[in-house]
Amino acid sequence: MGLRSGAEYIESLKKRKPNIYCLGKKVDNVLEHPVLKSTIATVARTFDLAKNPKYEDLLTVESPLLGGERVNRFLQPFFTVDHLVKRQHQIRFLQRQLGSCALRCTGLGMVNSLWETTYQIDEAKGTHYLDRLKDWLKYIQRYDIYETGCMMDVKGHRGLRPSKQPDPDMYLHIVERRPNGIVVRGAKASQSGPAISNETAVIPSAYGHDEADGPYAVAFAVPTDEKGITYIMQHNTGDALAYTGDDRDLGNPRYGGGFGSTSLMIFDDVFIPNERVFMAGEWEFSAAIVRTMGLMARMWQCGCRPALMELLTGAAAFAAQANGVANAAHIRSKLNDMTIHSQTAWGLALSAAYQGKSSPSGSGIVLPDSLTINVGKYRSVEGYWECCKLANDIAGGLATTVPSFKDYDNPETHGWMEKYLQANPDVPTEHRMRIMRLIQ
Ligand SMILES: Cc1cc2nc3c(=O)[nH]c(=O)nc-3n(C[C@H](O)[C@H](O)[C@H](O)COP(=O)(O)OP(=O)(O)OC[C@H]3O[C@@H](n4cnc5c(N)ncnc54)[C@H](O)[C@@H]3O)c2cc1C
């Protein structure tokens, strides 16, 4: 089949019938949904960019599983240091293009952590999970599947492990074993993108302690509209603008939805056929998969946040110009600080990749340097919040209080907004309002 275009990805969504709820109503058409439509456009753009020959080396990679065919980099495990390095460039590039989460990193995290752990289980127990995983990987690579990843169980009482919870469903678990598969029940919280993806891969989120945690040690892949799966979409103040505002009120109307796609994902006795089960009861290996997935998450956060910080720096510089203070010494110093935050995190992201080493397990996977990527993740999060603070400081109060574009378009209020929301006459009022929304 080869690499899909954005249009082909969107076409694939039309064939699915996932069970989604939002704001008290069932969502029948994700393509028309006010929040999801820009989320879908974000993912579609990642497909289109990967098909562009200009970005072939950055966004695609030769797959040894498909005899060297080029596949999307989001679907290929890390077998070399070069894979790690290009991966960091890939996510920084996409973040720069989209100004938003690309929504596909969790799937890549799953591909790597599942490879590493299925290898370890097979070595210890003589199972054949890695062969199954390879068959699945060939499928998702060949059909260029949009795969998301679920790790975060709802977790119930945080002080209690899975098998000690008063309600056994607080961590996803096996409720029935059949000759041809397993049945699972539970829920995953804060999942990015599953309602608009083709498939989701699921792993445990808690370390196993003994046999009692066995049913919770479960990993599998499942189509996102499988019978028994329900999504309850997030709703927050950012999303509210998508329902009430003008497109210009969204800051990043085309792709900003990358941050608006999470759901509470409920598995109400869902059947998973054996071919897609990659772990079923091996509680001794839950810790290994959680650790590897943790490394993967640190890696993508450290790789993408520098680009978000760059975006904020550019937006803050423009806001300063719109406000008429671009040359003030303290503004220039703050913009310098923002650049230092983004470049420090990016340096650590690259350093961790270049120091990558073959996993000690012998699985063939190459992992980023653990200490560097942990420090990098810390720096990227701290730096990001610092950049948010500085961007808001530079932009001023309007970044929080700017009125809606619906009022800007209303003839009764337009004149006042045009007059009183202008600062530097060289920058049109509308542009000043829009940059404030982007920073918001
Ligand atoms: C926008 C967004 C997108 C996300 N996308 C995904 C995704 O695609 N896939 C995915 O798997 N996950 C995803 N997540 C989930 C994310 O990984 C979790 O939210 C995160 O790991 C924290 O878990 P939690 O929300 O349950 O917080 P909690 O675990 O409840 O943490 C809250 C606080 O309690 C503390 N705490 C928790 N347990 C203990 C304990 N036993 N002892 C002492 N202190 C404790 C924590 O340190 C923290 O300070 C996403 C989250 C967000 C916000």
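If you're wondering where the values come from, they're calculated on a predicted model, not measured in any experiment.

Trainee: What is the right way to look at the state of the cysteines in this model?
Mentor: Two cysteines, two sulfur atoms, one covalent bond between them: this is a disulfide. This structure, assessed with the given rule, holds zero disulfides. Free cysteine Cys105: the closest other cysteine sulfur is in Cys101, separated by 6.3 Å. Since its relative accessible area comes to 8%, Cys105 is described here as buried. Not engaged in a disulfide, the cysteine Cys302 finds its nearest cysteine sulfur in Cys304; these two sulfurs lie 9.1 Å apart.

Trainee: Is there a simple way to think about the environment of Tyr21 in this case?
Mentor: Assignment of secondary structure puts Tyr21 in strand S1 (residues 19–22). Sequence spacing of Tyr21 and Arg177 is 156 residues, and the spatial spacing of their C-alpha atoms is 30 Å. Beyond its immediate sequence surroundings of up to four residues, Tyr21 is in contact with Lys26, Val27, Thr230, Tyr231, Ile232 and Met233.

Trainee: What is the right way to read the pattern of salt bridges from this model?
Mentor: Close approach of charged atoms allows side chains with opposite charge to pair. The final tally for this structure, using the stated rule, is 20 salt bridges. For Lys86, the salt bridge goes to Asp57, with nearest N and O atoms at 3.6 Å. Of this pair, Lys86 sits in helix H4 (residues 81–98) while Asp57 sits in helix H3 (residues 56–59); the two residues are 29 residues apart in sequence, bridging distant segments of the chain. Since its relative accessible area comes to 46%, Asp57 is described here as partly exposed. For Arg248, the salt bridge identified is with Asp246, shortest N-O distance 2.9 Å. For the pair Arg248 and Asp246, a shared accessibility class is recorded, and that class is buried. Connected through shared salt-bridge partners, Asp246, Arg248, Asp409, Glu430 and Arg434 make up one network.

Trainee: So what exactly am I meant to see when it comes to the sheet that holds strand S6 (residues 173–178) here?
Mentor: Through backbone hydrogen bonds, the strands of a sheet pair up, either in parallel or in antiparallel fashion. What the six strands build is an open sheet, ordered S2-S1-S10-S11-S7-S6; its pairing is mixed. Of all strands in the sheet, those with a lone pairing partner are strand S2 (25–26) and S6, marking the two edges. Examined bridge by bridge, S6 and strand S7 (residues 181–192) share five bridges and lie antiparallel to one another. Directly across from His173, in S7, lies its bridge partner Arg185.

Trainee: Explain the packing of aromatic side chains here, please?
Mentor: Working definition: an aromatic ring pair is given by the centre-to-centre distance plus the angle between the planes. The full count for this structure, using the stated rule, is ten aromatic pairs. Geometrically, the ring pair formed by Trp136 and Phe278 is tilted, given 5.3 Å between the ring centres and 45° between the ring planes. With a gap of 142 residues between them, Trp136 in helix H6 (residues 129–142) and Phe278 in strand S12 (residues 277–280) connect regions that are remote in the sequence. Both residues of the pair, Trp136 and Phe278, belong to the buried class. Here Tyr384 and Trp385 contribute two aromatic rings whose centre-to-centre distance is 5.6 Å and whose plane-to-plane angle is 55°, an arrangement assigned as tilted. The class for Trp385 is exposed, based on a relative accessible area of 55%. Through successive ring pairs, a cluster of aromatic residues spans Tyr9, Phe47 and Tyr146. Sitting over the face of the ring of Trp346, Arg92 holds its NZ or CZ atom 4.2 Å from the ring centroid.

Trainee: Is there a simple way to think about the side chain of Glu282 in this case?
Mentor: Structurally, the position occupied by Glu282 is in the loop between S12 and helix H8 (286–323). Notably, Glu282 is buried but unbridged: the nearest opposite-charge side chain belongs to Lys125, and the N-O separation is 6.1 Å. A polar contact is formed between the side chain of Glu282 and the backbone nitrogen of Ala280, at a distance of 2.7 Å. When sequence neighbours within four positions are dropped, the list of residues in contact with Glu282 reads Ile121, Lys125, Tyr129 and Ala217.

Trainee: Explain the environment of Arg298 to me, please; I cannot follow it from the model alone.
Mentor: Structurally, Arg298 is set in helix H8. For the pair Arg298 and Gly181, spaced 117 residues apart in the sequence, the C-alpha separation amounts to 33 Å. Setting aside chain neighbours within four positions, we find Arg298 in contact with Ile373, Asn374 and Lys377. At 2.5 Å, the side chain of Arg298 and the side chain of Asn374 are in polar contact.

Definitions and cut-offs
Residues numbered from 1 in each chain as written. Predicted model: local features only at pLDDT ≥ 70, side-chain atom pairs only at ≥ 80, totals over all residues. Heavy atoms only, no water. Disulfide = S-S within 2.5 Å. Buried < 20%, exposed > 50% of the residue type's maximum accessible area, 1.4 Å probe, protein only. Helix = DSSP H or I, 4+ residues; strand = E, 2+ residues; numbered from the N terminus. Contact = heavy atoms within 4.5 Å. Salt bridge = Lys/Arg side-chain N within 4 Å of Asp/Glu carboxyl O. Pairing = 2+ DSSP bridges. Phe/Tyr/Trp six-rings, centres within 6.5 Å; stacked < 30°, edge-to-face > 60°. Lys NZ or Arg CZ within 6 Å of the ring centre and 35° of its normal. Lys, Arg positive; Asp, Glu negative; His and termini not counted. Polar contact = N/O pair within 3.5 Å; in protein donor to acceptor, adjacent residues only side chain to side chain.

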